[in-house]
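# Tertiary structure, described
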Amino acid sequence: MRLVIKVGSNVLTRDDGRLDITRMSAIVDQVAELRAKGHEVILVSSGAVACGRGELSVGHKLDGVEQRQLFSALGQAKLINLYYDLFREYRIPVGQVLTMKESFATRREYLNQRACMTVMVENGVIPIVNENDTVSVTELMFTDNDELSGLIASMMDADELIILSNVDGIYDAPPGTPGASVIRRVKPGSDLTACIGREKSGFGRGGMLTKCGIARKVADEGIRVAIANGKRDGILTELIAHPDATLHTEFTPNPEPASTMKKWIAHSASFAKGIVRINEKAAQALRGERAVSLLLVGVTAIEGDFEEGDIVTVATDDGRTIGLGRTAYAAREARRLIGTHDVKPLIHYDYLCLE
């Protein structure tokens, strides 16, 4: 079984903001045990900023971006070396993969990253993945490593994504509220809006709302997702060996996995180069039981400037987003053919991902 394990900042960070090496060591022990049982593991790990914060005392004020860049540059080297030393005790080789959101923007870059991590896994190397905060700027950053881990799980056709946080899962009321309990299973279509707080985690950039959104998207693609407490002893091994008896929230996977192309498209909303407006009849056809492509006869407007093969957003005239797709036309030609019959689809079904 191929596992993507995301370890959050709040799991690896102590109350004083420094790295919790004891917890990090415990996670490595569990990953090594999973490896010994035949599982492939890809680790998406936060902690670089926490590492760097403990390495340098800065005597003047830095803004948020400067702090992140400075501490992540210092900390990433220390973090990967700590992982190297811890995994070396089990004779498990590790490799560092630093990436950015824009590196997933084109199909070519996406496949290059997939090939890199595939050859690592196939040769017994654990990829340790993190966002390259030294060069990422705010508008091009992942929400946090939850988003990155979802993309990696999707890209690598993982069997399961495990998101380790500092809580036991998604609660049916704010944690600490009398009677609040963990929702053990989330089925497709479940509405969790009333259960999820919008607060961000103490040392991370995201929160439970982000985790839930990523988990739902990945589960819809056919990958099991678990959200669990990374500070519980033995949580990883227990989740795999005894999932029903281990406290966590599971997102039930879609029994019909998406294609690798559709998985890429599903995570490409921020890379869309334009908007295709469609009429209500076309929207109903796309949402019907039959698999259909988006024909130009149902298009009412083309917004933006895109080329053939770019990702575009599909929306109704009243602004409702229907999904994402990879266009078979450049914007200029598509505008010329709006409303016409008997031409190839603007977006073929194989390149269309509906929300």
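Residues numbered from 1 in each chain as written. Predicted model: local features only at pLDDT ≥ 70, side-chain atom pairs only at ≥ 80, totals over all residues. Heavy atoms only, no water.

## Quick word on the overall build of the chain
Across its full length, the chain carries 11 helices and 13 strands. Computed over the C-alpha atoms, the radius of gyration of the chain is 22 Å, within 12% of the 20 Å expected from 2.2 N^0.38 for a compact globule of 355 residues. Taken over 355 residues, the chain has a buried fraction of 50%. Partitioning the contacts of the chain with sequence separation of at least 6, the portion at a separation of at least 24 is 73%. A total of about 16700 Å² of accessible surface is found on the chain, and carbon and sulfur atoms cover 49% of it. For the chain, the centre of its 42 positive side-chain charges and the centre of its 47 negative side-chain charges are spaced 1 Å apart. (Helix = DSSP H or I, 4+ residues; strand = E, 2+ residues; numbered from the N terminus. Rg over C-alpha atoms; globule rule 2.2 N^0.38 Å. Buried < 20%, exposed > 50% of the residue type's maximum accessible area, 1.4 Å probe, protein only. Contact = heavy atoms within 4.5 Å. Areas by Shrake-Rupley, 256 points an atom, 1.4 Å probe, with all protein chains shown as cover. Lys, Arg positive; Asp, Glu negative; His and termini not counted. Charge placed at Lys NZ, Arg CZ, Asp CG, Glu CD.)

## Section: the side chain of Asp146
Along the polypeptide, Asp146 turns up in helix α6 (residues 145-155). On the basis of relative accessible area, Asp146 is assigned to the buried category, the value being 0%. There is a polar contact of 2.9 Å between the side chain of Asp146 and the side chain of Lys6. (Polar contact = N/O pair within 3.5 Å; in protein donor to acceptor, adjacent residues only side chain to side chain.)

## Digging into the pattern of salt bridges
By the definition in use, this model includes 18 salt bridges. Where Asp244 meets Arg185, a salt bridge forms, and the shortest distance between an N and an O atom there is 3.9 Å. Of the two residues, Asp244 sits in the loop between α8 (235-241) and β8 (249-251) while Arg185 sits in strand β6 (residues 185-186), which places them 59 residues apart along the sequence. Since its relative accessible area comes to 66%, Asp244 is described here as exposed. Salt bridges sharing common partners tie together Glu160, Arg185, Arg224, Asp244 and Glu250. (Salt bridge = Lys/Arg side-chain N within 4 Å of Asp/Glu carboxyl O.)

## Focus on the sheet that holds strand β3 (residues 94-99)
The mixed open sheet is built from eight strands, whose spatial order is β3-β4-β2-β1-β5-β7-β8-β6. Every interior strand has two partners, whereas the edge strands, β3 and β6, have only one. Across the face of the sheet, helix α2 (residues 21-36) comes into contact with β1 (2-7), β2 (40-45), β4 (126-131) and β5 (160-165) while running at roughly 175 degrees to β1. Lying over the sheet, helix α5 (residues 107-122) contacts β1, β2, β3 and β4, oriented at roughly 145 degrees with respect to β4. (Pairing = 2+ DSSP bridges. Axes fitted to C-alpha atoms, helices over the stretch in contact; angles between N-to-C directions.)

## With respect to the packing of aromatic side chains
Applying the stated criterion across every chain, the model contains three aromatic pairs. Each ring, one from Tyr83 and one from Phe87, has its centre 6.2 Å from the other, and the planes form 25 degrees; the classification is stacked. Of this pair, Tyr83 and Phe87 are both found in helix α4 (residues 64-88), four residues apart, which corresponds to roughly one turn of the helix. On the basis of an interplanar angle of 50 degrees and a centroid distance of 6.1 Å, the ring pair of Tyr110 and Trp264 is categorised as tilted. Of this pair, Tyr110 sits in helix α5 while Trp264 sits in helix α9 (residues 260-266), and the two are 154 residues apart along the sequence. Like Tyr110, the residue Trp264 is buried in the burial classification. (Phe/Tyr/Trp six-rings, centres within 6.5 Å; stacked < 30°, edge-to-face > 60°.)

## Digging into the sheet that holds strand β10 (residues 299-304)
Reading across from one edge, β10-β9-β11-β12-β13 is the order of the five strands in this open sheet, with mixed pairing throughout. Both outer strands of the open sheet, β10 and β13 (352-354), are each paired with one neighbouring strand and no more. Averaged over all adjacent pairs, the angle separating strand axes in this sheet is 25 degrees, with direction ignored. With three bridges connecting them, strand β12 (residues 321-326) and β13 associate as antiparallel partners. Residue pairing across strands places Gly323 opposite Leu354, the latter belonging to β13.

## A closer look at α6
Counting buried positions along α6 gives 11 out of 11 residues, so the element sits mostly inside the fold. Here α6 has its buried residues at Asn145, Asp146, Glu147, Leu148, Ser149, Gly150, Leu151, Ile152, Ala153, Ser154 and Met155. Positioned one or two residues after α6, Asp157 has a phi angle of 50 degrees, which is positive.

Function-wise, these values are silent; they only describe arrangement.
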